[in-house]
Amino acid sequence: MSKAQETRMMILRQAFGLIYRQGYQATSIDEIIAGTEVTKGALFYHFSNKEELGLAIINEIMYPGLIPYMGASLNRTGDIRKDLYEMMRNLLLKAPFIKVEYGCPAVNLIDEMAPLNPAFRQALTRIIKEWQASIEAAIVKAQTEGKLDAAHDPKVIAMYITANYGGVRNMGKVFGPEAYTSFLKGFKTYIDSLD
């Protein structure tokens, strides 16, 4: 990695941390610069404006960090119920880069920026759609193998799971890790009810 690439990545990481803790709109360019010790000119050499920086965080930090993690456990055991449950459990309890008190960085930006900025909405939609596609593919595979009734709509299940994830991440900000524990009990009941 070149010096310029290292500087760019350092700016992205610093900005990601601040935006994750404070929100996109509440984080200023000056705060990002203060944490990186680069000049304003250096920041604007890499990113023409704050929106471009925000989109780079989604596409270059969040997307490659979240997508493999979200889909990694979907085909581990061959038991779709167990794999779906473990995927959610791992995301809620074991993802080292996500803090309970701050919620999920993708969900936070969806809440804050998707209604306001079409480019943010498109970039964030890409993350959720790929996660949903991974869930759908795992469900179709289980249906094809006779491990899950073909009457279940994979798209409906994927939407239900991803929507619940967003909700419980937000509840965790208020109620702490207990929200995840309670949610996982209900989620297990739902998953086990799929025949």
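Computed from a prediction, not measured in an experiment: that's the story for all the values here.

**Q** Would you explain the side chain of Q132 in this entry?
**A** Looking at the secondary structure, you find Q132 in helix α7 (residues 118–144). The exposure class assigned to Q132 is buried, which follows from its relative accessible area of 11%. For Q132, the residues in contact, after removing those within four places along its chain, are A158, M159 and T162.

**Q** Got a minute to help me understand the layout of surface pockets in this structure?
**A** Using a probe with the size of a water molecule, rolled over the atoms, empty space left in the structure can be pinpointed. Taken as a whole, the largest pocket encloses approximately 180 Å³ of empty space. Mapped by element, the contributors of at least two residues to the lining of the largest pocket are α6 (105–113), α7 and α8 (154–175).

**Q** Help me out: how do you make sense of the packing of aromatic side chains in this one?
**A** Two measures describe an aromatic ring pair: the distance that separates the ring centres and the angle between the ring planes. In total, this model carries seven aromatic pairs according to the counting rule given. On the numbers, 6.5 Å between centres and 40° between planes, the contact of F187 with Y190 is tilted. Placement of the pair is F187 and Y190 together in helix α9 (residues 177–193), with a separation of three residues, close to one helical turn. Like F187, the residue Y190 is buried in the burial classification. A connected cluster of aromatic rings, assembled from ring pairs, spans Y160, F183, F187 and Y190. Above the face of the Y24 ring, K50 is positioned so that its terminal group lies 4.4 Å from the ring centre. Taking the ring centre of Y85 as reference, the NZ or CZ of K188 above it sits at 6.0 Å.

**Q** I tried to follow the confidence of the model for the protein on my own but got confused; where do I start?
**A** In regions of low pLDDT, the predicted coordinates are not meant to be interpreted in detail. The pLDDT averaged across the protein works out to 93; a share of 99% of its residues lies at or above 70. Mean pLDDT values over the elements of the protein span from 88, in helix α4 (residues 50–71), up to 97, in α8.

**Q** Teacher, can you tell me more about helix α1 (residues 3–22) here?
**A** At 3.6 residues per turn, the α-helix brings residues three or four places apart onto the same side. A rise of 1.5 Å per residue sets the reference length of α1, with its 20 residues, at 28 Å; its end C-alpha atoms lie 28 Å apart and thus fit the reference within 8%. Taken together, the buried positions of α1 are occupied by T7, M9, I11, L12, A15, F16, G17, L18, I19 and Y20. Among the residues trailing α1, G23 stands out with phi positive, at a value near 100°.

**Q** For this particular structure, what's the right way to read helix α2 (residues 29–36)?
**A** Within the sequence span of α2, burial applies to I29, I32, I33 and T36. Looking straight down α2, one finds that the buried residues subtend no more than 100° of arc, so they occupy a single side. In the stretch just after α2, E37 is the one whose phi turns positive, near 65°.

**Q** Looking at this structure, how should I read the packing of α7 against α8?
**A** Helix-helix packing is characterised by the crossing angle of the two axes and by the distance between the axes. Relative orientation of the contacting elements α7 and α8 amounts to 135°, with a least axis distance of 8 Å. The angle between the axes of α7 and α8 places the two elements in the oblique class. α7 and α8 meet at a crossing whose hand is right-handed. Note on element contacts: α8 touches α7 through P154, K155, I157, A158, M159, I161, T162 and Y165, opposite I128, W131, Q132, I135, E136, I139, V140 and Q143.

**Q** Sorry if this is basic, but what is going on with the pattern of salt bridges here?
**A** Within this structure, the stated rule accounts for eight salt bridges. Where E86 meets R89, a salt bridge forms, and the shortest distance between an N and an O atom there is 3.3 Å. In this pair, E86 and R89 both sit in helix α5 (residues 80–93), three residues apart, roughly one turn of the helix. Assessed through its relative accessible area of 24%, R89 is described here as partly exposed. With a shortest N-O distance of 4.0 Å, R126 and E130 are connected by a salt bridge.

What counts, and at which threshold
Residues numbered from 1 in each chain as written. Predicted model: local features only at pLDDT ≥ 70, side-chain atom pairs only at ≥ 80, totals over all residues. Heavy atoms only, no water. Helix = DSSP H or I, 4+ residues; strand = E, 2+ residues; numbered from the N terminus. Buried < 20%, exposed > 50% of the residue type's maximum accessible area, 1.4 Å probe, protein only. Contact = heavy atoms within 4.5 Å. 1 Å grid on protein atoms, 1.4 Å probe; cavity = no way out; pocket = protein on both sides within 12 Å on 5 of 7 lines; lining within 4 Å. Points joined across faces, edges and corners; volume = space filled by probe spheres on them. Phe/Tyr/Trp six-rings, centres within 6.5 Å; stacked < 30°, edge-to-face > 60°. Lys NZ or Arg CZ within 6 Å of the ring centre and 35° of its normal. pLDDT = per-residue confidence, 0-100. Expected span 1.5 Å × (residues − 1). Arc of directions from axis to C-beta. Axes fitted to C-alpha atoms, helices over the stretch in contact; angles between N-to-C directions. Parallel < 35°, antiparallel > 145°, perpendicular 65-115°, else oblique. Left-handed = near helix turned anticlockwise from the far one by under 90°. Salt bridge = Lys/Arg side-chain N within 4 Å of Asp/Glu carboxyl O.

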